[in-house]
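Each chain, written out:
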Amino acid sequence: ARPEGHKDPEYLAEVIQRHGISILHFVPSMLEVFLSARVLPPVNSLKQVVCSGEELPRELVRKFKAWSGSIGLYNLYGPTEASIDVSCFVCEGLPEQRIPIGRPIDNTRLFILDSHLAPVPVGVPGELYIGGVGLARGYLNRPDLTAERFIPNPFGGKGERLYRTGDLARYLP
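Residues numbered from 1 in each chain as written. Predicted model: local features only at pLDDT ≥ 70, side-chain atom pairs only at ≥ 80, totals over all residues. Heavy atoms only, no water.

**Re the pattern of salt bridges**
Next up, step 1: Per the counting criterion, the structure on display carries 10 salt bridges.
Next up, step 2: A salt bridge links E32 to K63, with the shortest nitrogen-to-oxygen separation between them at 2.3 Å. Note that E32 is positioned in helix α2 (residues 28–35) and K63 in helix α3 (residues 58–68), a separation of 31 residues in sequence.
Next up, step 3: E32 gets classed as partly exposed once you look at its relative accessible area, which sits at 29%. (Salt bridge = Lys/Arg side-chain N within 4 Å of Asp/Glu carboxyl O. Helix = DSSP H or I, 4+ residues; strand = E, 2+ residues; numbered from the N terminus. Buried < 20%, exposed > 50% of the residue type's maximum accessible area, 1.4 Å probe, protein only.)

**Overview of the packing of aromatic side chains**
Next up, step 1: With the rule as written, the count across this model stands at six aromatic pairs.
Next up, step 2: Connected via pairs of aromatic rings, a cluster forms that spans F26, F34, F64 and W67.
Next up, step 3: The ring of Y11 carries R2 above its face, with NZ or CZ at 3.7 Å from the centroid. (Phe/Tyr/Trp six-rings, centres within 6.5 Å; stacked < 30°, edge-to-face > 60°. Lys NZ or Arg CZ within 6 Å of the ring centre and 35° of its normal.)

**Some words on helix α1 (residues 9–18)**
Next up, step 1: For α1, the full list of buried residues reads P9, Y11, L12, A13, V15 and I16.
Next up, step 2: On its buried face, α1 sits against β1 (23–26) and α2.
Next up, step 3: Its side-chain oxygen 3.2 Å from the backbone nitrogen of E10, D8 forms the N-cap of α1.
Next up, step 4: Phi for G20, located one or two positions after α1, is positive at around 65°. (Contact = heavy atoms within 4.5 Å. Polar contact = N/O pair within 3.5 Å; in protein donor to acceptor, adjacent residues only side chain to side chain.)

Structure representation (structure tokens):
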């Protein structure tokens with residue numbers, strides 16, 4: 001796309017169609033801009049849209065479904081400290097509340113723990129921790145912050161660590 005072309009939904013849709021693009025990755029606010037066009041040209045080549053980087057609003061999922069037909073929509077979650085994306089939720093239905101962050105991707109583990117690092121029951125909020133091979137080693141020249149955020153994994157083997165995200169989460173039934 002031309003520079004700044006991402007700001008013009010009609011132009012972007014035309015580029016997608018002309019080049020046969022099948023997968024797009026948007027931050028939700030950019031998907032909102034894309035869907036705000038009065039009339040979008042057909043994008044028959046498009047098969048999947050991935051969203052990450054911000055919370056995916058339920059209303060935006062509804063708008064996308066009304067526009068897209070059978071195009072798959074995926075909500076990804078993951079902080080930079082864990083190699084960007086660590087979980088995926090396939091937006092097949094419309095949950096009653098927020099769009100979940102989904103299940104961990106391969107080679108990743110997610111834990112929701114209380115203040116004593118014990119797992120919380122289904123439905124109880126706790127802090128989200130991430131483990132697995134995609135975890136960063138720590139912060140460059142910030143041993144204090146590394147020690148605070150990258151902790152020994154109480155459920156793993158020797159040397160395994162968890163990243164303390166600071167995000168609140170809960171397991172759904």
